[in-house]
Amino acid sequence: MDKVLNTKRLRGKSAGPARPSRTEAEDAVRTLIRWAGDDPSREGLRSTPSRVVRAYEEWFSGYNDDPREYLKRTFEETGGYDEVVVLRDIRFESHCEHHIAPIIGRVHIGYLPRNRVVGISKLARLVEVYARRLQIQEKMTAEIAACLDAVLKPHGVAVVTEATHQCMTTRGVHKPGVTMVTSRMLGVFRDHAETRQEFLSAIGMRGVINGSSGSG
Ligand SMILES: [Zn+2]
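Remember, predicted model here, so these are calculated numbers, not experimental data. (Residues numbered from 1 in each chain as written. Predicted model: local features only at pLDDT ≥ 70, side-chain atom pairs only at ≥ 80, totals over all residues. Heavy atoms only, no water.)

Novice: Is there a simple way to think about the nonpolar core in this case?
Specialist: Side chains of a nonpolar character, in soluble globular proteins, are inclined to be buried together. In this structure, Phe92, Val107, Ile109, Leu123, Leu126, Ile144 and Leu148 are the most contacted members of the largest nonpolar core, which totals 29 residues. Breaking this core down by element, the ones donating at least two residues are strand E2 (85-96), strand E3 (102-112), helix H5 (120-131), helix H6 (137-152) and strand E6 (156-165). With 7 residues, the top contributor of residues to this core is H6. Not counting residues up to four positions away in its chain, the partners in contact with isoleucine 144 are Val107, Ile109, Leu126, Val127, Tyr130 and Val159. (Core = buried A, V, L, I, M, F, W, Y, C linked by side-chain atoms within 4.5 Å. Buried < 20%, exposed > 50% of the residue type's maximum accessible area, 1.4 Å probe, protein only. Helix = DSSP H or I, 4+ residues; strand = E, 2+ residues; numbered from the N terminus. Contact = heavy atoms within 4.5 Å.)

The following block contains the structure:
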């Protein structure tokens, strides 16, 4: 397992500092357990470092993938379809880059195709790749929009993300039930109120977001 993972990770070798070994990562978890005030050598915690490190491989697997390359391989011709495409309620789980606490929510994507469309599962996968990285919601929303815009070259892209941040609900200000909404509107969704409203109606958010939010 180690070997496979290391081979995959080599693709990203140019970016960032060298990746620590699995043993170093597990040691770091032991340190955090001690920091929490517990004893990492006690029975119930003995396998926790290896479990946490494996969980990290899953939660942060998005660093292994380049969604632009992925979408480039998978787009299809529109066959004359020229209406807005909307995919709503794409559930995602991510982690905030400030606390490594879960961000859980939904992404809604709309675009007006020019010549290219992608399948529903591809859009969901696109969201997953960006979600499985350390994130802030604003950046994730913008990255999804920019990726679709760059690869599909549509007339416009709209992305709205709604999420709760557990760093806000379980600690700090302790505000359960608060949802953060971010949006990025490009092309016709930014420039034409009617097209933007069509999208916002489709996702049930008409009137919530205006054209200037998240653009630029
Ligand atoms: Zn946070």
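So that's the structure; there's more coming.
Novice: Where do I start with helix H9 (residues 193-202) in this structure?
Specialist: Three or more residues of H9 are buried, namely Thr195, Arg196, Gln197, Phe199 and Leu200. On the buried face of H9, the contacting elements are E2, E3, E6, strand E7 (180-187) and helix H8 (188-191). Remark: glycine 204 follows H9 within two positions and exhibits a positive phi of approximately 75°.

Novice: Can you walk me through the coordination of the zinc ion in this structure?
Specialist: The reference angle at a metal is 109.5 degrees if four donors form a tetrahedron and 90 or 180 degrees if six donors form an octahedron. Donor atoms from the polypeptide that bind the zinc ion are Cys96 (SG), His99 (ND1) and Cys167 (SG), placed at 2.2 to 2.3 Å. Positions of the donor residues of the zinc ion, expressed as sequence spacing, correspond to C-x2-H-x67-C. Residue cysteine 96 is found in strand E2, and its partner cysteine 167 is found in helix H7 (residues 166-169); the two are separated by 71 residues along the sequence. You'll find cysteine 96 and cysteine 167 in the same group, each marked buried. (Donors = N, O, S within 2.8 Å, 3.2 Å for Na, K, Ca; no water.)

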